[in-house]
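So you can see what is in the structure, the chains are spelled out below.
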Amino acid sequence: MALEWEQIIVDSQDPQSLGRWWAEALGWVIVDDADGIEIRPSADRLPGILFGNDSGAKQVKNRVHPDFRPDDQQAEVERLLSLGARRADVGQTGDEPWVVLLDPEGNEFCVLSNRA
C-alpha cells in the first residue's frame, strides 16, 4: 500500500484571509480558492495546506503545530511579526531555542534556532 501526504486541513473563521496570510508567510502559491483556500510550495508540489470554514473561535492550544527552521531566527521572527503574527506564551521558561508565535487566528507555530 502506498500513502502520499496530500495536505493538512486548518479550520478557520476566515479561510481566505488566513490562507493568504500563510501563503505570504511561507512564500507559497494559492492553487485553489473556490471552496476555502489551498496553498502549496508550488502548484505541482505536495503537501499543501487547505484552509476550510469553521465559524467557531479557537478555544485551546493546538495539539499539532508546525515548526520552521530559518537561516536567521531573529530576522524571521521579526518578518512574521511584521506580517501580523503575535508572540505566544505557552509556558516557556525563556531558555528554549525556539520562539512560539500565533498566526492571525491564534494558531501556534514555532520558529526554531539554527542547527548547532
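Here's a quick rundown of the structure. Please read all numbers here as calculations on a predicted model, not as lab measurements.

A short note on the pattern of salt bridges
In step 1: Under the definition given, this model contains 5 salt bridges.
In step 2: Arg-79 is the partner of Glu-76 in a salt bridge, and the nearest nitrogen-oxygen pair spans 2.5 Å. Of the two residues, Glu-76 and Arg-79 are both situated in helix H2 (residues 73-83); the distance of 3 residues between them amounts to about one turn of the helix.
In step 3: The residue Glu-78 makes a salt bridge to Arg-87 at a minimum N-O spacing of 3.9 Å.
In step 4: Look at Glu-78 and you get partly exposed, because its relative accessible area is 44%.
In step 5: We classify Arg-87 as exposed; its relative accessible area is 52%.

Description of the environment of Ala-57
In step 1: Looking at the secondary structure, you find Ala-57 in the loop between strand E4 (48-53) and strand E5 (67-68).
In step 2: For Ala-57, a relative accessible area of 44% puts it in the partly exposed group.
In step 3: Sequence separation of Ala-57 and Asp-11 is 46 residues, and the distance between their C-alpha atoms is 9.7 Å.

A short note on the nonpolar core
Inside soluble globular proteins, nonpolar side chains tend to come together where they are buried.
In step 1: Counting 17 residues, the largest nonpolar core has Trp-21, Trp-22, Phe-51, Leu-80, Leu-101 and Phe-109 as its most contacted members.
In step 2: Looking at this core, the elements that each hand over two or more residues are helix H1 (15-26), strand E3 (37-40), E4, H2, strand E7 (98-102) and strand E8 (108-112).
In step 3: Setting aside its immediate chain neighbours within four residues, Trp-22 contacts Ile-39, Phe-51, Phe-68, Asp-103 and Phe-109.
In step 4: Ranked by size, the runner-up nonpolar core spans 5 residues in total, among them Val-100, Leu-102, Cys-110 and Leu-112.

Comments concerning unusual backbone geometry
In step 1: With an omega of 0 degrees, the peptide bond between Leu-46 and Pro-47 qualifies as cis.
In step 2: In this fold, Pro-47 is placed in the loop between E3 and E4.

Some thoughts on the sheet that holds strand E2 (residues 29-32)
Adjacent strands of a sheet form backbone hydrogen bonds with each other and so pair up, either parallel or antiparallel.
In step 1: Across the sheet, 4 strands lie side by side as E1-E4-E3-E2; this open sheet has mixed pairing. The open sheet has two free edges, formed respectively by strand E1 (7-12) and E2, since each of these has just one partner strand. The sheet shows a mean angle of 30 degrees between the axes of neighbouring strands, direction not considered.
In step 2: Sheet analysis places E1 next to E4, joined by 6 bridges and oriented parallel. Bridging from a neighbouring strand, Gln-7 pairs with Gly-48 of E4.
In step 3: Seen against the sheet, H1 touches E1, E2, E3 and E4 and runs at an angle of roughly 10 degrees to E3.

How each quantity is defined
- Residues numbered from 1 in each chain as written.
- Predicted model: local features only at pLDDT ≥ 70, side-chain atom pairs only at ≥ 80, totals over all residues.
- Heavy atoms only, no water.
- Salt bridge = Lys/Arg side-chain N within 4 Å of Asp/Glu carboxyl O.
- Helix = DSSP H or I, 4+ residues; strand = E, 2+ residues; numbered from the N terminus.
- Buried < 20%, exposed > 50% of the residue type's maximum accessible area, 1.4 Å probe, protein only.
- Core = buried A, V, L, I, M, F, W, Y, C linked by side-chain atoms within 4.5 Å.
- Contact = heavy atoms within 4.5 Å.
- Pairing = 2+ DSSP bridges.
- Axes fitted to C-alpha atoms, helices over the stretch in contact; angles between N-to-C directions.

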